[in-house]
Amino acid sequence: MANRGQEHLLRHGVLLMAATQVANVSNLLFQVVMGRTLSAEQYGELASMLGIILVLATPMDAVRTAVAHFASRLLGEGRTGEIRVLVGRGFRMMTWAAAPVLLVSLLLGDVLARWFHLDSGLPVRLTGLIVAGSFYMPVFIGSLQGVQSFGWMACTQHSWSVVRLVAGGALVWSVAPLATWGLAGHLAGVLSSIVWGAIGLRVLPSRERSDAGTAPIADVFRYFVFSLLILGGFAVLMNADIIMVKHLFSPLEAGLFARGATIGRSVVFVSVPIAMAMFPKVTSAGEVAAGTRGTLVRAFVFSGLIVLLAVGAVTLWPALPLRILFRVAEPDLQMIGLVRALTWAMAPLGLVYLAVHFELAQHRFRSVLPLLVCATAYAAAVALRHERVEQVAQALAACSWLALAWLLVGLPWRAKDLPSGGAS
């Protein structure tokens with residue numbers, strides 16, 4: 001299964017790239033609507049809640065990688081009847097994770113609102129509902145990815161962004177320009193993805209009798225735990241900035257930082273489709289097959305070029321996205337400098353995301369240590385030095401570039417480094 005469809009990496013990558021661009025445009029327009037409609041303070045409030053969603057939901061992408069990894073292996077081994085069993089276990093696991101988040105947000109919403117300098121606990125409670133619903137999405141997406149049903153996967157993974165744009169835009173324009181209504185639109189988007197995923201599961205193989213029993217693969221839980229640690233470290237590097245800034249700085253400073261971070265974060269998402277298409281094509285139990293190295297190299301070349309173009313465009317014309325997204329006619333030099341700093345600070349995370357997905361597909365967990373160390377160092381650096389928001393960008397740059405260098409060293413680039421078998 002490790003080599004299944006490797007020659008179609010570019011074709012499947014283009015398919016997911018096209019679907020992702022629909023999502024990217026929708027997300028961009030959502031930011032345009034919110035950035036132009038909400039005040040800087042309200043935008044900072046919205047961005048901080050979205051940051052919480054991403055920090056909590058991104059580690060749960062471990063469920064997607066686990067389900068995709070083992071669904072891919074089961075399909076390759078002819079044990080298709082166990083795929084639905086695997087998916088059912090994923091849903092039960094997510095229920096145990098979603099229930100506490102929902103309970104905490106409902107009962108302690110007002111307490112958490114004060115920590116974030118919010119006037120009401122409603123945004124926190126809406127965020128809890130969104131996070132709880134988001135926990136189920138990786139199960140749908142991972143199962144469809146594992147069987148390489150990329151069409152249904154794209155609909156499930158990206159439809160929420162279109163619905164969020166339409167619903168959130170309509171609410172902030174027709175009801176009130178408040179972060180709460182933007183979050184309500186986000187909730188509608190999550191519900192729509194769940195509906196698409198439920199429909200898409202019809203493509204999974206029927207639940208036929210299997211000689212292997214009801215346990216798809218014995219180490220599913222171990223794989224999930226290591227994936228959770230890896231993606232948790234990545235989530236901190238990727239999304240924790242606005243959460244820390246919202247707590248440590250004034251609402252206005254947090255709102256301005258959120259604008260720069262939104263632009264910088266966009267360079268990470270452009271490489272996501274390549275990682276998603278690569279994952280099921282390099283899946284193995286730990287051995288690196290002959291064609292896998294070529295797939296890895298091509299994926300890095302594609303992603304590196306895309307990220308480089310995005311970073312270069314923002315570096316050369318930093319005022320342009322500020323005008324488009326936030327209607328800032330004449331951004332000052334400090335804001336332009338912050339946009340450039342955050343863009344370069346987040347640039348390596350696109351390739352970090354790709355490296356992490358290769359390691360997870362290969363059932364190798366070498367990325368646990370570098371990501372956890374860099375995420376911890378990032379949080380500690382911000383806690384120790386936060387007189388200016390620029391220091392947050394500096395800490396992120398140091399830790400994200402270190403994480404990328406550390407991960408690149410551990411990847412099997414040379415043939416003599418390729419293991420003959422066994423999981424790391």
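Note that the coordinates shown come from a computational prediction; the quantities given were computed from them, not determined experimentally.

What counts, and at which threshold
Residues numbered from 1 in each chain as written. Predicted model: local features only at pLDDT ≥ 70, side-chain atom pairs only at ≥ 80, totals over all residues. Heavy atoms only, no water. Helix = DSSP H or I, 4+ residues; strand = E, 2+ residues; numbered from the N terminus. Buried < 20%, exposed > 50% of the residue type's maximum accessible area, 1.4 Å probe, protein only. Contact = heavy atoms within 4.5 Å. Core = buried A, V, L, I, M, F, W, Y, C linked by side-chain atoms within 4.5 Å. Salt bridge = Lys/Arg side-chain N within 4 Å of Asp/Glu carboxyl O. Patch = residues over 30% accessible without salt bridge, like charges linked within 9 Å, V, L, I, M, F, W, Y side chains within 5 Å. Areas by Shrake-Rupley, 256 points an atom, 1.4 Å probe, with all protein chains shown as cover. Axes fitted to C-alpha atoms, helices over the stretch in contact; angles between N-to-C directions. Left-handed = near helix turned anticlockwise from the far one by under 90°. Nonpolar A, V, L, I, M, F, W, Y, C, P; charged D, E, K, R; others polar. Parallel < 35°, antiparallel > 145°, perpendicular 65-115°, else oblique. Expected span 1.5 Å × (residues − 1). pLDDT = per-residue confidence, 0-100. Phe/Tyr/Trp six-rings, centres within 6.5 Å; stacked < 30°, edge-to-face > 60°. Lys NZ or Arg CZ within 6 Å of the ring centre and 35° of its normal.

## Topic: the overall build of the protein
Tallying secondary structure elements over the protein gives 17 helices and 0 strands in all. Across the 424 residues in the protein, those meeting the buried criterion constitute 58%. In the protein, the proportion of contacts linking residues at least 24 apart, taken out of those at least 6 apart, comes to 86%.

## What about the nonpolar core?
Counting 121 residues, the largest nonpolar core has Phe257, Val352 and Tyr378 as the members making the most contacts within it. Broken down by element, the residue count for this core peaks at 16 residues, all from helix α15 (residues 333-361). Discounting residues that sit within four places of it in the chain, Phe257 has contacts with Asp241, Ile242, Val245, Leu338, Leu342, Val389 and Val392.

## Looking at the pattern of salt bridges
Two side chains bearing opposite charge may form a pair once their charged atoms approach each other closely. The full count for this structure, using the stated rule, is 3 salt bridges. The salt bridge involving Asp110 is made with Arg125; its shortest N-O contact spans 3.5 Å. Taken together, the positions of Asp110 in helix α5 (residues 109-115) and Arg125 in helix α6 (residues 122-134) put the pair 15 residues apart, joining distant regions of the chain. Exposure remark for Arg125: the relative accessible area of 23% places this residue in the partly exposed category. For Arg388, the salt bridge is made with Glu390, and the minimal N-O distance between the two is 3.6 Å.

## Structural notes on the side chain of Ser161
Take Ser161: it is sitting in helix α8 (residues 150-174). We classify Ser161 as buried; its relative accessible area is 0%. Those residues in contact with Ser161 that lie beyond four places of it in its chain are Ala23, Ser26 and Asn27.

## Some thoughts on a nonpolar patch on the surface
A contiguous nonpolar surface patch, about 610 Å² in accessible area, is contributed by Leu103, Val104, Leu106, Leu107, Leu108, Val111 and Leu112. In terms of residue count, helix α4 (residues 83-107) provides more of the nonpolar patch than any other element does, 4 residues in total. Its location among the elements puts Leu103 in helix α4.

## Quick word on the packing of helix α11 (residues 251-269) against α15
Two elements in contact, α11 and α15, have axes separated by 7 Å at closest approach and are oriented at 35°. Every pair of crossing elements has a handedness; the one defined by α11 and α15 is right-handed. Counting all contacts with α11, which are made through Leu256, Phe257, Arg259, Gly260, Ala261, Ile263, Gly264, Arg265, Val267 and Val268, the residues of α15 involved are Met335, Leu338, Val339, Leu342, Thr343, Met346, Ala347, Leu349 and Gly350. Of the residues contributing to the contact of α11 with α15, the split by class is 13 nonpolar, 4 polar and 2 charged.

## Some details on the environment of Ser400
Mapping Ser400 onto the fold places it in helix α17 (residues 389-410). In sequence terms Ser400 and Leu371 are 29 residues apart; their C-alpha atoms lie 8.9 Å from each other.

## Concerning the environment of Trp344
Residue position: Trp344 is located in helix α15. On the accessibility criterion, Trp344 (40% relative accessible area) is partly exposed. On a C-alpha basis, the gap between Trp344 and Leu396 in space is 9.5 Å, while along the polypeptide they are 52 residues apart. Once residues lying within four places of it in the same chain are set aside, the contact partners of Trp344 are Val311, Thr315 and Trp401.

## Some thoughts on the side chain of Ser303
Inspection of the secondary structure puts Ser303 in helix α13 (residues 290-316). Once residues lying within four places of it in the same chain are set aside, the contact partners of Ser303 are Ser271, Ile274, Leu351 and Leu354.

## A few points about the packing of α11 against helix α14 (residues 319-326)
Closest axis-to-axis distance for the α11/α14 pair is 11 Å, and the angle between their directions is 110°. It follows from the interaxial angle that α11 and α14 lie roughly perpendicular. α14 is crossed by α11, and the crossing has right-handed handedness. Contacts between α11 and α14 involve Arg259, Thr262 and Ile263 from the former and Pro321, Leu322, Leu325 and Phe326 from the latter.

## A word on helix α3 (residues 61-76)
Between its first and last C-alpha, α3 extends 22 Å over 16 residues, near the 22 Å set by a 1.5 Å rise per residue. For α3, the tally of buried residues reaches 14 of 16 residues, placing the bulk of the element in the interior. Two residues or fewer past α3, Gly78 is found with a positive phi of approximately 75°.

## Side note on the confidence of the model for the protein
For the protein, the mean per-residue pLDDT works out to 83, and 86% of the residues sit at or above 70. Every residue in residues 209-216 scores below 50 in pLDDT, and together they form 14 contacts with partners more than four places removed in sequence or on other chains. Segment residues 416-424 is flagged for pLDDT under 50; beyond a separation of four residues in sequence, or across chains, it makes 19 contacts in the model.

## Side note on the packing of aromatic side chains
Per the stated rule, a full pass over the model turns up 6 aromatic pairs. Arranged with centres 5.5 Å apart and planes meeting at 50°, the rings of Phe234 and Tyr353 form a pair that is tilted. Highlighted residues: Phe234 in helix α10 (residues 220-248) and Tyr353 in helix α15, separated in sequence by 119 residues. The ring of Phe30 has Arg164 lying over it, and the distance from NZ or CZ to the ring centre is 3.9 Å.

## A closer look at helix α2 (residues 40-57)
Between its first and last C-alpha, α2 extends 25 Å over 18 residues, near the 26 Å set by a 1.5 Å rise per residue. With 15 of its 18 residues buried, α2 lies for the most part within the structure.

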